[in-house]
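Observations on the model geometry
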Protein chains: 2
Amino acid sequence: MPDADAPLIDTLAIVGLGLIGSSIARGARQYGLARRIVAIDRDPGVLERVRALGLAETATAEIATGVAEADLVILCVPVGAAGAVAEAMGPALKPGAIVSDVGSVKASVVAAVAPHLPEGVAFVPAHPVAGTEYSGPDAGFSTLFSGRWCILTPPEGADSEATARVQAFWEGLGAIVESMTPEHHDLVLAITSHVPHLIAYNIVGTAADLEAVTQSEVIKFSAGGFRDFTRIAASDPTMWRDVFLTNKDAVLEMLGRFNEDLAALARAIRWGDGDALHELFTRTRAIRKGIVAMGQETAEADFGRARPVAAPEKAPPAA
Amino acid sequence: MPDADAPLIDTLAIVGLGLIGSSIARGARQYGLARRIVAIDRDPGVLERVRALGLAETATAEIATGVAEADLVILCVPVGAAGAVAEAMGPALKPGAIVSDVGSVKASVVAAVAPHLPEGVAFVPAHPVAGTEYSGPDAGFSTLFSGRWCILTPPEGADSEATARVQAFWEGLGAIVESMTPEHHDLVLAITSHVPHLIAYNIVGTAADLEAVTQSEVIKFSAGGFRDFTRIAASDPTMWRDVFLTNKDAVLEMLGRFNEDLAALARAIRWGDGDALHELFTRTRAIRKGIVAMGQETAEADFGRARPVAAPEKAPPAA
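Everything numeric here is computed off the predicted structure, so don't read it as measured data.

Counting its regular elements, chain A contains twelve helices and nine strands. Relative to a compact globule of 319 residues, whose C-alpha radius of gyration would be 20 Å, chain A shows 21 Å and is just as compact. On the principal axes, the C-alpha backbone points of chain A span a range of 70 × 40 × 40 Å. Buried residues in chain A amount to 58% of all 319 residues. For chain A, the share of sequence-separated contacts (at least 6 apart) that also reach a separation of at least 24 residues comes to 75%. If you sum the accessible surface of chain A, you get close to 11900 Å²; carbon and sulfur atoms cover 55% of it.

Shown next as structure tokens:
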């Protein structure tokens with residue numbers, strides 16, 4: 001029977017201390033969710049920053065020793081690396097340990113990780129839908145997940161107690177938790193995140209390659225809309241390469257629909273069908289209102305001014 | 001010989017008091033750029049707000065009487081309406097008056113407006129590259145143009161004194177002025193503003209039409225990137241319909257290049273060419289750095305938190 005005042009997790013191991021991993025470490029510390037944090041990263045430079053920032057009790061590149069005493073291990077590596085990491089740590093995991101992740105793609109991560117986990121270790125995949133365009137241990141902050149959604153995709157017959165603890169952990173970080181199948185997750189994120197990133201990366205690339213318009217003109221006059229795409233297109237290249245390679249089918253399916261609609265729009269422009277354009281441009285306003293109403297965005301007009309980071313809308317739970 | 005302390009413009013007439021027109025009125029007032037402001041709008045509701053907000057000395061729906069004494073007339077109507085407005089006011093303009101506009105498209109506006117202007121009236125087309133996703137007289141603010149670019153497209157053999165006054169007016173509002181041909185302007189804005197808006201409107205429409213993913217899921221999980229597109233897709237439908245109809249050729253040309261690049265990207269995903277994806281995703285970061293360095297955007301991480309409107313980076317000039 002654990003002490004009622006004891007933290008939710010005794011030893012928390014975080015593998016990969018980038019924007020997300022370091023934000024989890026900061027939040028777990030600030031909100032008293034773990035007694036001890038072990039930071040695992042293969043990059044010596046990252047480990048050095050983790051020690052300098054005091055993000056964990058232990059910082060090591062040795063994954064097997066790092067996870068040996070962990071009650072909860074969270075993989076915060078690019079989804080393409082999840083399988084190799086699971087294979088390396090699998091044998092060292094203690095019975096009763098829970099393994100989770102933060103990958104933006106779920107079906108391929110489940111397929112890559114599950115086979116490497118021993119009997120008696122529960123796997124509860126998770127995806128916190130939050131982030132910024134910055135990367136690395138210095139980019140994280142404890143309130144990143146506050147008021148944001150975290151999607152759990154527990155496999156059939158998953159350990160319900162393990163699932164409940166992972167849910168409690170994310171709620172402790174201020175997130176709102178929802179569960180769905182890995183396949184549905186991958187479809188939802190393909191349209192709400194993956195395809196938007198793909199077309200943002202694409203238009204910035206197109207603009208960079210023009211001859212008739214100089215790069216300096218593109219930069220100067222970016223306030224007309226292009227600016228917002230460049231922010232999204234500044235996201236971590238390795239993370240996003242892996243997202244597109246591992247969620248290929250859903251991304252190509254959603255991209256196909258995007259292209260069909262864009263072709264119809266181009267046709268309306270070519271033939272001067274103003275009513276079709278006006279109808280779409282009016283319809284799209286409703287979704288925006290919904291997003292603002294849901295608190296996933298502020299109604300504040302955005303015109304590229306300074307944006308100080310505000311306090312979380314949600315108070316951290318008492319430890 | 002005008003009094004040295006006299007404002008730059010004696011009587012300023014603004015036709016169309018939306019986001020841009022009302023911001024010009026507020027800025028001209030705050031920075032002492034005009035002795036008298038005449039607000040002209042055909043919408044009685046807008047005129048009522050103009051009077052309530054005290055944006056002008058005179059507010060009228062009568063365009064001919066409204067422009068009769070104007071030294072500078074600025075058309076702030078959707079580009080599709082510029083020709084009709086010019087036709088209605090042309091005969092009433094006084095000799096020596098200057099006509100300008102704020103349209104996001106220039107070649108078609110020049111073609112539509114110029115023929116209706118009498119001898120002795122100078123036409124200096126302008127486009128302030130600034131805005132928010134909001135519309136109407138209540139959405140404007142005096143610092144909207146501060147530190148933003150304003151593009152002038154003076155026709156061949158334009159009155160250089162008139163051009164200089166329009167430049168001084170925009171600099172008085174805090175803008176940085178650059179001149180180019182209408183045709184080049186339309187090409188530059190097609191890639192930096194028009195096509196970005198088109199694909200933002202398009203993906204929001206695609207997301208709204210899915211069966212496999214509900215609208216509520218799209219809204220909930222929008223923080224993954226989609227959210228930023230909905231902001232752009234909340235812009236004024238009539239203004240944007242007109243932009244696409246009047247800048248058709250440049251938009252379709254840039255959209256064609258966007259589509260070619262997107263097809264290559266889709267192929268790289270289908271065939272698992274991670275290197276091609278990583279190369280593009282790395283290249284796009286440079287343009288972002290340039291935009292932040294140019295002060296057209298803040299480096300502050302954007303994760304959908306409150307963004308108070310900051311003070312202009314540039315102090316208003318003394319009147």
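Structure's up, so let's keep going.
Moving on to the pairing of strand β8 (residues 149-152) of chain A. Residues and elements named next belong to chain A. A two-sided burial pattern is seen for β8, the buried positions comprising Trp 149 and Ile 151 on one face and Cys 150 and Leu 152 on the other. Inspection of the sheet shows β8 paired to strand β9 (residues 176-179) by four bridges, in the parallel sense. Looking at the pairing, Leu 152 lines up with Ser 179 of β9. Read as a crossover between parallel neighbours, the route from β8 over helix α6 (residues 160-172) to β9 is right-handed.

As a further point, take the domain arrangement of chain A. Residues and elements named next belong to chain A. Along its sequence, chain A is carved into domain 1 (9-180) and domain 2 (184-293). The distance between the C-alpha centroids of domain 1 and domain 2 comes to 30 Å. Carbon and sulfur atoms make up 66% of the area that domain 1 and domain 2 hide from each other, which totals about 1200 Å². Across the domain 1-domain 2 interface, the total number found is one salt bridge. Looking at side-chain class alone, the side of domain 1 that touches domain 2 contains seven nonpolar, six polar and two charged residues.

Our next topic: the interface of chain A and chain B. Across the contact, 113 residues belong to chain A and 113 residues belong to chain B. Summing both sides of the interface, chain A and chain B together bury roughly 11100 Å²; the carbon and sulfur share of this comes to 66%. Seen at the junction of chain A and chain B, the total is ten salt bridges. The closest approach of N and O atoms between B:Glu133 and A:Arg288, which form a salt bridge, is 3.8 Å. Taken together, the links from chain A to chain B amount to 35 residue pairs in polar contact (both at pLDDT 80 or more). Of all the secondary-structure elements, those providing two or more residues to the side of chain A that touches chain B are β8, α7 (182-208), α8 (215-220), α9 (226-232), α10 (237-246), α11 (248-270) and α12 (274-293) of chain A. The greatest single-element share of the side of chain A that touches chain B, amounting to 20 residues, is contributed by α7(A). Partitioned by chemical class, the residues of the side of chain A that touches chain B number 58 nonpolar, 29 polar and 26 charged.

Okay, the nonpolar core next. Formed by 92 residues in total, the largest nonpolar core has its most connected members in A:Ile203, A:Phe229, A:Phe258, B:Ile203, B:Phe229 and B:Phe258. Each residue touching B:Phe258, except ones within four places of it in the same chain, is listed here: A:Ile199, A:Asn202, A:Ile203, A:Thr206, A:Phe258, A:Leu262 and B:Ile199.

Another point: the packing of α11(A) against α12(A). All names here are of chain A. At a minimum axis separation of 8 Å, α11 and α12 run at an interaxial angle of 135°. The orientation of α11 relative to α12 falls into the category oblique. Where α11 approaches α12, its residues Leu 265, Ala 268 and Ile 269 are matched on the opposing element by Ala 276, Leu 277 and Leu 280. Here the contact of α11 with α12 is composed, by residue class, of six nonpolar, no polar and no charged.

All names here are of chain B. Taking 1.5 Å as the rise per residue, helix α7 (residues 182-208) with 27 residues should run 39 Å; its terminal C-alpha atoms sit 36 Å apart, in good agreement. A bend of about 55° at Ala 190 is the largest found in α7. The element α7 is largely enclosed, with a buried count of 23 among its 27 residues.

Here we take up the pattern of salt bridges. Counting across every chain of the model gives 32 salt bridges over all chains. Put simply, A:Asp101 and A:Lys106 hold a salt bridge, and the shortest N to O gap is 3.0 Å. Looking at A:Asp101, the relative accessible area reads 4%, which means it is buried. Put simply, B:Arg227 and B:Asp228 hold a salt bridge, and the shortest N to O gap is 3.7 Å. In this structure, a network of salt bridges that share partners links the residues A:Glu133, A:Arg231, B:Arg227, B:Asp228 and B:Arg288.

On to the relation of the copies chain A and chain B, then. Once chain A has been moved 0.0 Å along the axis and rotated by 180°, it coincides with chain B to within an RMSD of 0.0 Å. The symmetry that links the two subunits is that of a two-fold axis. Both copies share a contact surface, since 100% of the interface residues of chain A are interface residues in chain B too.

This part is about the sheet that holds β8(A). Residue and element names in this part refer to chain A. Taken in spatial order, the three strands of this open sheet run β7-β8-β9, and their pairing is mixed. Of all the strands in the sheet, just β7 (126-129) and β9 have a single pairing partner and so form its edges. Taking the axes of each pair of neighbouring strands and ignoring which way they run, one obtains an average angle of 25° across the sheet.

All names here are of chain B. Strand order in the open sheet formed by three strands is β7-β8-β9, and the pairing between neighbours is mixed. Where the open sheet ends on each side, the last strands, each with one partner, are β7 (126-129) and β9 (176-179). Going across the sheet, the axis of each strand differs from the next one's by a mean of 25°, ignoring polarity. Across the sheet, helix α6 (residues 160-172) touches β7, β8 (149-152) and β9, and the angle it forms with β8 is around 170°.

To continue, consider the packing of aromatic side chains. Under the definition given, this model contains 13 aromatic pairs over all chains. Taking 5.0 Å as the distance between ring centres and 90° as the angle between the ring planes, the aromatic pair formed by B:Phe145 and B:Trp170 counts as edge-to-face. Here B:Phe145, found in the loop between β7 and β8, pairs with B:Trp170, found in helix α6; they are 25 residues apart in sequence, far enough to count as distant. Aromatic side chains B:Trp240 and B:Phe244 sit 5.8 Å apart centroid to centroid with 40° between the ring planes, which places their arrangement in the tilted category. Placement of both B:Trp240 and B:Phe244 in helix α10 (residues 237-246) is noted, with a separation of four residues, approximately one turn of the helix. For the pair B:Trp240 and B:Phe244, one class covers both residues: buried. An aromatic cluster of three or more residues is present, and its members are A:Tyr201, A:Trp240, A:Phe244 and B:Phe281.

What counts and what doesn't
- Residues numbered from 1 in each chain as written.
- Chains lettered and ligands numbered in written order.
- Predicted model: local features only at pLDDT ≥ 70, side-chain atom pairs only at ≥ 80, totals over all residues.
- Heavy atoms only, no water.
- Helix = DSSP H or I, 4+ residues; strand = E, 2+ residues; numbered from the N terminus.
- Rg over C-alpha atoms; globule rule 2.2 N^0.38 Å.
- Buried < 20%, exposed > 50% of the residue type's maximum accessible area, 1.4 Å probe, protein only.
- Contact = heavy atoms within 4.5 Å.
- Areas by Shrake-Rupley, 256 points an atom, 1.4 Å probe, with all protein chains shown as cover.
- Pairing = 2+ DSSP bridges.
- Right-handed = clockwise from strand over helix to strand, strands pointing away.
- Domains from an automatic or database assignment.
- Buried area = accessible area lost by both parts, 1.4 Å probe.
- Salt bridge = Lys/Arg side-chain N within 4 Å of Asp/Glu carboxyl O.
- Nonpolar A, V, L, I, M, F, W, Y, C, P; charged D, E, K, R; others polar.
- Polar contact = N/O pair within 3.5 Å; in protein donor to acceptor, adjacent residues only side chain to side chain.
- Core = buried A, V, L, I, M, F, W, Y, C linked by side-chain atoms within 4.5 Å.
- Axes fitted to C-alpha atoms, helices over the stretch in contact; angles between N-to-C directions.
- Parallel < 35°, antiparallel > 145°, perpendicular 65-115°, else oblique.
- Expected span 1.5 Å × (residues − 1).
- Bend = angle between axes of the 7 residues up to and from the residue.
- Least-squares fit on C-alpha atoms with pLDDT ≥ 70 in both.
- Phe/Tyr/Trp six-rings, centres within 6.5 Å; stacked < 30°, edge-to-face > 60°.

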